[in-house]
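Each chain, letter by letter, is given below.
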Amino acid sequence: MTAKATHKDMANAIRFLSADAVQAANSGHPGMPMGMADVATVLYSKFMKFDAKAPNWPDRDRFILSAGHGSMLIYSLLHLTGYAGMSMQQLRNFRQFGAKTAGHPEYGHAPGIEMTTGPLGQGISTAVGMALAERMMNARYGNAVVDHYTYVIAGDGCLMEGISQEAISMAGHWKLGKLIVMWDDNNICIDGKLDLTISDDQLARFKASNWEVLSVDGHNPKAIEAAIAKAKKSPKPTLIGCKTVIGKGAPTLGGSHKTHGAPLGNDEIAAMRKDLGWNHPPFKLPKNVVDAWKKVGSAGAKARTAWEKRLAKLDAKKRAEFNRVVSGQLPKGWEKAVNDHKRNMSKTKPKLATRQASGAALEVLTAEIPEMIGGSADLTGSVNTLTKATTPSVSARNFDGRYIHYGVREHGMAAVMNGLALHGGFIPYGGTFLVFADYMRGSIRLSALMEQRVVYVLTHDSIGLGEDGPTHQPVETIASLRAMPNFNVYRPADAVEAAECWASALSTTKTPSGMICSRQGLPTVRTKHTNQNLSAKGAYVLAEAEGGDRKVTLLATGSEVSIAMEARDMLQKRKIPTAVVSMPCWELFEGQSKAYKDKVLGPKTVRVAVEAALGMGWDRYLGEKGAFVGMTGFGASAPAPELYKHFGITAENVVKAAKKLL
């Protein structure tokens, strides 16, 4: 009769799968999975609420491998517990082209990977957003259908990254008691012993941020189990410091930084097999271990079935709403509200900064779409992200709120928004000044890589912000965001375009967006209402040439569209037929047909682009006879009108550039 698999057997399965896969790939990070195998085994076998056959069950516990370089840990767990698609062949193909087992865990590659990790600090920070989402969904739908934990394994690198402080500060402030972080406290960094780099007391640091803190031997399963059980009872988020040996089990390399990011070598693995009594070839597991892990993977089926029964008993209207928001579908009727708002803006022709126009659109949208969750990095009054519908704010006493005061924590804000989106049930948007997009770029990039519907409201978008000067004037930032794949950069020209851009951003479920808005007031340029969302095309002819065939095409975005319109009037008076093309979103324009793009751009015309930013990227639209009017360096501190004149971003200079090309 086959002996029952022990904890040691189950943990060693992770160790050998990790070591063998890294060796086969001749690339990877075996040390962390080997060191944290005991913690992961206790977590999954004793605590994790999940069903491998239903990986998207909304009330499952979430597991985030923040130390994403140790990806073989999660791949081993997914294979062992029976997740579909994570076959042994996938483990054999670790880090190979087309395999689900990428170098770092990638969201969407395989069920059970809750987010893309690898950039250190992102996992623990995004997990804060997931834990917050759990509490917010719980406040809306109750314990019967929303009651789960978010578990994180993080390393020293995650805790060194500055974003982690922003995140743990927020988690402690919100008292996210269902967030439990297990820190791989192995005293090793890539360069060697940790004392080369840091001497922080991490437990004291987390305690100061209102966390529960515990410390255990990370290789003692009973101590690990007791610590997690205690953490689950705390009203605060918990950090469990797990003292581990990196590369645990490797006979000569265990405890060395050499196991962090390189294969152990065939001789070391052979000796490890002998020392641990693992008499099985690479990628072969004993039946008792396979059976024990498969039992772990199916144990949650009973809890899931019970949950489905509780969901069925929920009030029909509330149940329908729960299913709708979890699916990501928008409610019926919101498009009509946006269209009515557009009609009103075209009729009343307000002169608004587009940050105010964005706020006006949000007033309409948040009233129609209850899952929209707003926020800002301590700039609410400047970025216009708070609406009547999103009042009151989220707090430790009120998770039913719809507005989050993130504080001056831009990077943390972006990661938390990713967590809200990944968890499901919410559409997050948050605001700061455009220049600070650089502070949160790592999280924005992950929004794009993970295809999450997150909207970044980025205001004070040019020299038009005036007196705050070049430190706050983001001349290069628009171009840098346009360079990012799968990220839509919207720069509306007025209140009508602002509404259209918001509608487009919310309708695009797999692409995050940046809503680039002005500080200064702008005239309404869309004075004739149309039901069509013209901005959703990315670019369109705002004003066609008159008095003959088009000779000049003026291209502009945002605050410079009105300058282009003024230049058009001047050229038309000179009997030069001129069209103005508003280009609120290049990325959407690139998705249009060649015929449409040619019609808009006017292939045989002179083209002049005007934008209060660097000209990088505009060349693709200027054709053979084109010019750019805009910035060539940093800005300056002065009133906005004076700056536009000083830097030559004027209708007169646009006209001059066009005439020079004719």
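Being a predicted model, the structure only gives us computed values, none of them experimental.

The rules behind the values
Starting afresh in each chain, residues are numbered from 1 along the sequence in its written order. Confidence filtering applies because this is a predicted model: local features only for residues at pLDDT of at least 70, side-chain atom pairs given and counted only at 80 or more, and all residues used for totals across whole chains, interfaces and linings. Hydrogens are left out, water is left out, and the side-chain values use all remaining heavy atoms of the structure. Two rings belonging to Phe, Tyr or Trp (six-membered ring only in the last case) form a pair when the distance between their centres is within 6.5 Å. Interplanar angles under 30 degrees mark stacking, angles over 60 mark edge-to-face geometry, and anything in between is tilted. Relative accessibility thresholds used throughout: buried, under 20% of the residue-type maximum; exposed, over 50%; partly exposed, between the two (1.4 Å probe, protein chains only). Secondary structure elements are taken from DSSP: a helix is a run of H or I of four residues or more, a strand is a run of E of two residues or more, and numbering for both begins at the N terminus. In our convention, an over-ring charge means Lys NZ or Arg CZ found within 6 Å of a ring centre and within 35 degrees of that ring's normal. Working rule for contacts: check all heavy atoms of both residues, and any pair within 4.5 Å makes them a contact. For this analysis, a salt bridge means a side-chain nitrogen from Lys or Arg found within 4 Å of a carboxyl oxygen belonging to Asp or Glu. To estimate the expected span of a helix, subtract one from its residue number and multiply by 1.5 Å. Pairs of N or O atoms within 3.5 Å make up the polar contacts considered here, provided that, within protein, one atom can donate a hydrogen while the other can accept it, and that residues adjacent in sequence are counted only when both atoms are side-chain atoms. Strands qualify as paired when DSSP identifies two bridges or more between them.

Caption draft 1: Summary view of the packing of aromatic side chains. Applying the stated rule across the entire model yields 20 aromatic pairs. A ring pair is formed by Phe 206 and Trp 211, whose centres lie 4.9 Å apart and whose planes are at 90°; its orientation type is edge-to-face. Accessibility classification places Phe 206 together with Trp 211 in one group, the buried group. With a centroid separation of 6.2 Å and 45° between ring planes, the pair formed by Tyr 456 and Phe 487 is classed as tilted. Taken together, the residues span a long stretch of sequence, with Tyr 456 in strand β12 (residues 455-459) and Phe 487 in the loop between α20 (477-482) and β13 (488-490) at a distance of 31 residues. Tyr 456 sits in the buried class, given a relative accessible area of 0%. Residue class for Phe 487 comes out buried when judged on its relative accessible area of 1%. One aromatic cluster is present, formed by Trp 586, Phe 589, Tyr 596, Trp 618, Tyr 621 and Phe 628 through successive ring pairs. The side chain of Arg 482 reaches across the aromatic face of Trp 586, ending 3.8 Å from its centre.

Caption draft 2: Structural context of the environment of Cys 158. Relative to the elements of secondary structure, Cys 158 occurs in helix α7 (residues 156-160). Expressed as a C-alpha distance, the spacing of Cys 158 and Leu 120, which sit 38 residues apart in the sequence, is 4.7 Å. Non-local contacts of Cys 158, meaning those with residues more than four positions away in its chain, are made with Ser 66, Ala 67, Leu 120, Gly 121 and Ser 164.

Caption draft 3: Region of the structure containing the pattern of salt bridges. Going through the model one piece at a time under the given rule, you end up with 26 salt bridges. For the salt bridge of Arg 273 with Asp 20, the shortest nitrogen-to-oxygen distance reads 2.6 Å. Of the two residues, Arg 273 sits in helix α11 (residues 266-276) while Asp 20 sits in helix α1 (residues 7-25), which places them 253 residues apart along the sequence. Of the two residues, Arg 273 and Asp 20, both sit in the buried class. Where Arg 343 meets Asp 340, a salt bridge forms, and the shortest distance between an N and an O atom there is 3.1 Å. Note that Arg 343 and Asp 340 are positioned in helix α15 (residues 334-348) at a spacing of 3 residues, about one turn of the helix. For Arg 343, a relative accessible area of 38% puts it in the partly exposed group.

Caption draft 4: Structural detail: helix α21 (residues 495-507). In this model, α21 (13 residues) spans 19 Å end to end at C-alpha, consistent with the 18 Å of a helix rising 1.5 Å per residue. In terms of burial, α21 is largely enclosed, as 12 of its 13 residues are buried. Two or three places before Val 496, at the start of α21, stands the capping residue Asp 494, its side-chain oxygen 3.1 Å from that residue's backbone nitrogen.

Caption draft 5: Structural view of unusual backbone geometry. Of the consecutive residues Thr 391 and Pro 392, the connecting peptide bond is found in the cis state with omega at 10°. Mapped onto the secondary structure, Pro 392 falls in the loop between α17 (380-383) and β10 (403-405). One non-glycine residue with positive phi stands out, namely Asn 187, at about 65°. Within the secondary structure, Asn 187 sits in the loop between β3 (179-185) and β4 (188-189). In the Ramachandran plot, His 460 falls in the positive-phi region, its phi being about 55° despite a non-glycine side chain. Relative to the assigned elements, His 460 resides in the loop between β12 and α20. Under the relative-accessibility criterion, His 460 is labelled buried at 4%.

Caption draft 6: Spotlight on the side chain of Thr 116. Mapped onto the elements, Thr 116 comes out in the loop between α5 (88-92) and α6 (122-141). At 2.8 Å, the side chain of Thr 116 forms a polar contact with the backbone nitrogen of Tyr 107. Aside from chain neighbours lying at most four places away, what touches Thr 116 is Pro 105, Glu 106, Tyr 107, Leu 446, Leu 449 and Met 450.

Caption draft 7: Layout of the pairing of strand β2 (residues 150-154). Burial runs high along β2: 5 of the 5 residues are buried. Covered by surrounding structure in β2 are Thr 150, Val 152 and Ala 154 together with Tyr 151 and Ile 153, the residues of both alternating faces. Relative to β2, strand β1 (residues 62-65) is paired through 4 bridges, and the arrangement is parallel. Counted as the bridge partner of Ile 64 is Val 152 from β2.

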